[in-house]
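As a plain string of letters, each chain reads:
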Amino acid sequence: MLNEQNRAEFLQTIAQKLGREVTHTPKPQDPPINNLAKTRLTNLTQDELCKEFTDFAQTQQVRCVITKPEQVINSLIALCESYDCQGSVIISGDERLNALGVTQAISEKYETYIWDPKLGHENIIHAERSQIGIVFAEAGLTESGGIVLFSSPEKGRSVSLLPETSIVILRKSDILPRVAQLAERLHKMAQDGIRMPSCINLIGGASSTADIELIKVWGVHGPVHAAYLIIEDC
């Protein structure tokens, strides 16, 4: 072990070899050149954010449908039919889906399983066997074209990850410029004493990889298809 004197001599030698002065306190950081982390895309209106969000998402093989509140059910069923849904559908136990009438409408139309935390691993088995998974997103991120999902006992991650097709319902007013604004929301939740989610998932579309010779391949380790159903609420 180096004692204090040996440590000082050792650091002095290193500093001399590097042509630097020996310092014992860190230098202050240079002022940032810009504040893009918090300001990028924040000048856009909500309509402009929505357009940027959907434009980028579609480059990531995500189908985007914008609908009015009164047309949510019809638009959702049309989406399911566009994927030729012949199998079962799994729906998150998110109360917001129930409030929209989604849970009841889909249950009447298709063989449907609703995520139930009391059933444990059985939920995952149903998710694996389902053709479509339907979830409600906390936010959309314009910069990446991705969505944010909070996990909780009634909102299992498997609903969006295991079925062949993942349909995400999102309110237009919840489309944020980028991750910085999401972090601000999370910070406010913590300050307000709101229970934090067990997991925060940032999902950029259907699964893909470019590991082999940088050739993009879709549907490798998760949903083959992804769609956003955006509700016009602003």
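Up top you'll find the structure we're talking about.
No experiment lies behind these values; they were computed from the predicted model shown. (Residues numbered from 1 in each chain as written. Predicted model: local features only at pLDDT ≥ 70, side-chain atom pairs only at ≥ 80, totals over all residues. Heavy atoms only, no water.)

Visitor: How do you make sense of empty space enclosed by the protein when you look at a structure like this?
Guide: Regions of empty space are outlined by a rolling probe, equal in size to a water molecule, passed over the atoms. Evaluation of the coordinates by the stated rule reveals one cavity of 30 Å³ or more. Of the voids in this model, the largest cavity is the one considered here, and its volume is about 100 Å³. Contributing elements (two or more residues each) for the lining of the largest cavity: β4 (132-136), β6 (146-151) and α8 (158-161). The greatest single-element share of the lining of the largest cavity, amounting to three residues, is contributed by β6. (1 Å grid on protein atoms, 1.4 Å probe; cavity = no way out; pocket = protein on both sides within 12 Å on 5 of 7 lines; lining within 4 Å. Points joined across faces, edges and corners; volume = space filled by probe spheres on them. Helix = DSSP H or I, 4+ residues; strand = E, 2+ residues; numbered from the N terminus.)

Visitor: Hey, could you run me through the pattern of salt bridges in this one?
Guide: Two side chains of opposite charge can pair, provided their charged atoms sit close to one another. Inspection of every chain in the model, using the stated rule, returns 12 salt bridges. In this structure, Asp94 and Arg96 form a salt bridge, with 2.6 Å as the shortest nitrogen-oxygen distance. Since its relative accessible area comes to 5%, Asp94 is described here as buried. Ionic pairing is found between Glu138 and Arg96, a salt bridge with its closest N-O pair at 2.7 Å. Separated by 42 residues along the polypeptide, Glu138 in the loop between β4 and β5 (139-141) and Arg96 in helix α5 (residues 95-100) bring together distant segments of the chain. Through salt bridges with shared partners, one network takes in Asp94, Arg96, Glu138 and Lys155. (Salt bridge = Lys/Arg side-chain N within 4 Å of Asp/Glu carboxyl O. Buried < 20%, exposed > 50% of the residue type's maximum accessible area, 1.4 Å probe, protein only.)

Visitor: Looking at this model, I keep getting lost on the layout of surface pockets. Mind explaining?
Guide: The volume enclosed by the largest pocket comes to roughly 180 Å³. Along its surface, the largest pocket is lined by 16 residues, and Ser160, Leu161, Ile203, Gly205 and Pro223 are the ones closest to its centre. Those elements that place two or more of their residues in the lining of the largest pocket are β6, α8, β7 (165-171) and β12 (225-231).

Visitor: When you look at the side chain of Gln131 in this model, what are you seeing that I'm missing?
Guide: By secondary structure assignment, the location of Gln131 is in the loop between α7 (122-129) and β4. A relative accessible area of 14% means that Gln131 is categorised as buried.

Visitor: Any chance you could explain the packing of aromatic side chains here in plain terms?
Guide: Between two aromatic rings, the relevant description is the distance of the centres plus the angle of the planes. Scanning the entire structure with this criterion turns up one aromatic pair. Taking the centre distance of 5.4 Å and the plane angle of 10 degrees together, the rings of Phe53 and Tyr228 count as stacked. One end of the pair, Phe53, is in helix α3 (residues 46-59); the other, Tyr228, is in strand β12, and 175 residues separate them in sequence. Of the two residues examined, Phe53 and Tyr228, each falls in the buried class. Taking NZ or CZ as reference, Arg63 lies 4.9 Å from the ring centre of Tyr83, over its face. (Phe/Tyr/Trp six-rings, centres within 6.5 Å; stacked < 30°, edge-to-face > 60°. Lys NZ or Arg CZ within 6 Å of the ring centre and 35° of its normal.)

Visitor: Can you walk me through the sheet that holds β7 in this structure?
Guide: Strand pairs in the sheet, formed through backbone hydrogen bonds, run parallel or antiparallel to each other. Spatially, β1-β12-β7-β4-β2-β3 is the arrangement adopted by the six strands of the open sheet, whose pairing is parallel. Two strands bound the open sheet, and with one partner strand each, they are β1 (62-67) and β3 (112-114). Within this sheet the neighbouring strands show an average axis-to-axis angle of 20 degrees, counted without direction. Looking at chain direction, β4 and β7 are connected through five bridges and run parallel. Looking at β7, one finds that Val135 is bridged to Val168. Those strands touched by α3 are β1, β7 and β12, and its axis lies near 150 degrees from that of β1. Packed on one face of the sheet, α7 meets β2 (89-91) and β3 and runs near 145 degrees to β3. (Pairing = 2+ DSSP bridges. Axes fitted to C-alpha atoms, helices over the stretch in contact; angles between N-to-C directions. Contact = heavy atoms within 4.5 Å.)

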